[in-house]
Amino acid sequence: MTITCNVSPASFLVSEGEIHAAIHRQSSLIAAVQRGEAQYSGSLGWLDVKTQNIEELVRVAKHVQSVAEVMIVIGIGGSNRGAVAAIEVLKRTSTSPTTLYFAGDTLSPTRLADALEVLKTKSVVLNVIAKDFNTVEPGITFRMLRSAMQAKYGCAYAERIIVTGSEGSGQLHELAQKHGYTYLPFPSDIGGRFSVLSPVGLFPLAVAGVDIQNLLDGAYTMQQRIRTGQDENNPAILYAVLRSLMRKKGIILESLVTFEPDLQHFTRWWIQLFAETEGKTDQVLFPVGFSYSEDLHAVGQYVQQGPRILMETFLDLHYNLDNLHIEASKEVVDGFAYLDDKPFSLLNKTVYQAALQAHAHDGVPCIELKSDSALDTESLGGLFYFFLFCAYLSARLLGVNPFDQEGVEQYKRNMYAELGKSGYTK
Ligand code: PA5
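In every chain, residue numbers begin from 1 and rise along the written sequence. Confidence filtering applies because this is a predicted model: local features only for residues at pLDDT of at least 70, side-chain atom pairs given and counted only at 80 or more, and all residues used for totals across whole chains, interfaces and linings. By convention in this description, side-chain values take in all heavy atoms of the structure and omit both hydrogens and water.

Enquirer: Just to check I follow, could you spell out the sheet that holds strand E8 (residues 286–291) for this structure?
Expert: Paired through their backbone hydrogen bonds, the strands of a sheet run either parallel or antiparallel. Should DSSP find at least two bridges between two strands, the strands are regarded as paired. Strands here are runs of E lasting at least two residues and helices are runs of H or I lasting at least four, both read from the DSSP assignment and numbered beginning at the N terminus. Strand order across the open sheet formed by 5 strands is E1-E10-E9-E7-E8, with mixed pairing between neighbours. Of all strands in the sheet, those with a lone pairing partner are strand E1 (3–6) and E8, marking the two edges. In this sheet, neighbouring strand axes are inclined to one another by 20° on average, regardless of whether the strands run parallel or antiparallel. The sheet contact formed by strand E7 (residues 253–258) and E8 spans 6 bridges and is parallel. Paired with Val257 across the bridge in E8 is Phe290. Working rule for contacts: check all heavy atoms of both residues, and any pair within 4.5 Å makes them a contact. To obtain each axis, a line is fitted to C-alpha atoms, and for helices this fit is confined to the stretch in contact; angles are then taken between N-to-C directions over 0 to 180 degrees. Strands in contact with helix H11 (residues 264–278) are E7 and E8; relative to E8, the strand with the most contacts, it is inclined by about 175°.

Okay, here's the thing in structure tokens:
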């Protein structure tokens, strides 16, 4: 899959000349990011896609498929959003006997009760995922579901627990060794939001029947495309540099707009990736996302004629479903005869163009990320890698550390203090 970044609808605000001058100015930093900077080597395990061995993941996934109707995936933030996003897109092609159920990303008792009900009524396996097994949401959800598993399966419950975590004291690896759970590594050099193409995201997807090798192949193709060369056609460099210039021109928000509703969780993954990676300076775009056409009838008016604070990134990526045609209506005159005999997919492509033109015409800086392939496993892998790399580069252009999240850690510490964890004070 190739992505093209079309910046011309936004050229009234940021010209192509300005983008190319900025690329030239920043060329040594960009080249260092393409190689992977030594100072971040402890967080760049995701940058080289090809060094993965997925055999063990596939073997464990096959076993899960043979014993469970449902795998409950417990995790939060970077530990679950990638799998949630991917499964929403790829669920239709899955033939797996095992479906995924996501838990542990909220402290809502209602959601916990829902998960307990699933556990009671289905044959279940748990996959708990945490880089640092201290976060309350997944930690306490695991405790509650684990007790229910013990009650349901007796001593054999341990065979139905798979942990994806770090090594070290108090971490999931230690728990796995103590209780005989199956252990999968959360790579030490990959942080949560960069983990979708590691065992963190790949294992649940393998259980759900996704061809994870295909996903990785798509990511690798993208890696080859964007980690070499700084020519004006490198879409990742164009996109990241343009984002940094937009903020300097007074734009505050970037809205990712998609035209396949199945990409809504992908958009949430993208929001988390950019917000946590870059949100460490006031010079940063706040990432938001909308699903059109639906949201054209909710926020479209504001976007088009409200304050000029927002840039729009149109994602031109669709499923390949061209065989649905609109038949002429023989009995009812309904006012839609002008659509007779057209492929239904043409409508989605038309609303894309219509919204882009209307918004750009009214002065919204719009850009397009255009895929040359349909939305499928391979292109999704490419898209994940594209944005992972762009988030890293974009954060470095801002001058921030892409791989920490001190603000989030502070709220976690407040929780620990409030709830009486030893070593934490209010
Ligand atoms: O992207 C990140 O690093 C974070 O969003 C983490 O994934 C999130 O805080 C959950 O962390 P953990 O899996 O260690 O509980």
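Enquirer: How should I be thinking about the domain arrangement of the chain in this particular structure?
Expert: Quite often, the size of an interface is put as the accessible area lost when its parts meet. On domain assignment, one finds that the chain holds domain 1 (3–35 + 217–398) and domain 2 (49–210). Reported domain spans reflect what an automatic or database domain assignment gives. Between the C-alpha centres of domain 1 and domain 2 the distance comes to 31 Å. Counting residues at the interface gives 26 residues for domain 1 and 19 residues for domain 2. A simple way to read buried area is as the amount of 1.4 Å-probe accessible surface that goes missing from two parts once joined, with both sides added. Both faces combined, the contact of domain 1 with domain 2 buries some 2000 Å², and carbon together with sulfur accounts for 64% of it. The largest share of the area that domain 1 buries against domain 2 comes from Asp262, His265 and Gln272, three residues that together contribute 25% of it. We define a salt bridge as a side-chain nitrogen of Lys or Arg found within 4 Å of a carboxyl oxygen belonging to Asp or Glu. Applying the counting criterion to the domain 1 and domain 2 interface returns 4 salt bridges. Here Glu276 ties to Arg193 by a salt bridge, and the two come within 3.0 Å at their closest N and O atoms. Pairs of N or O atoms are called polar contacts if they sit within 3.5 Å, as long as, within protein, a hydrogen donor faces a hydrogen acceptor (for residues adjacent in sequence, only side-chain-to-side-chain pairs). Taken together, the links from domain 1 to domain 2 amount to 7 residue pairs in polar contact (both at pLDDT 80 or more). Of all the secondary-structure elements, those providing two or more residues to the side of domain 1 that touches domain 2 are helix H9 (212–226), H11 and helix H14 (377–398). Looking at which element gives the most residues to the side of domain 1 that touches domain 2, the answer is H11, with 9 residues.

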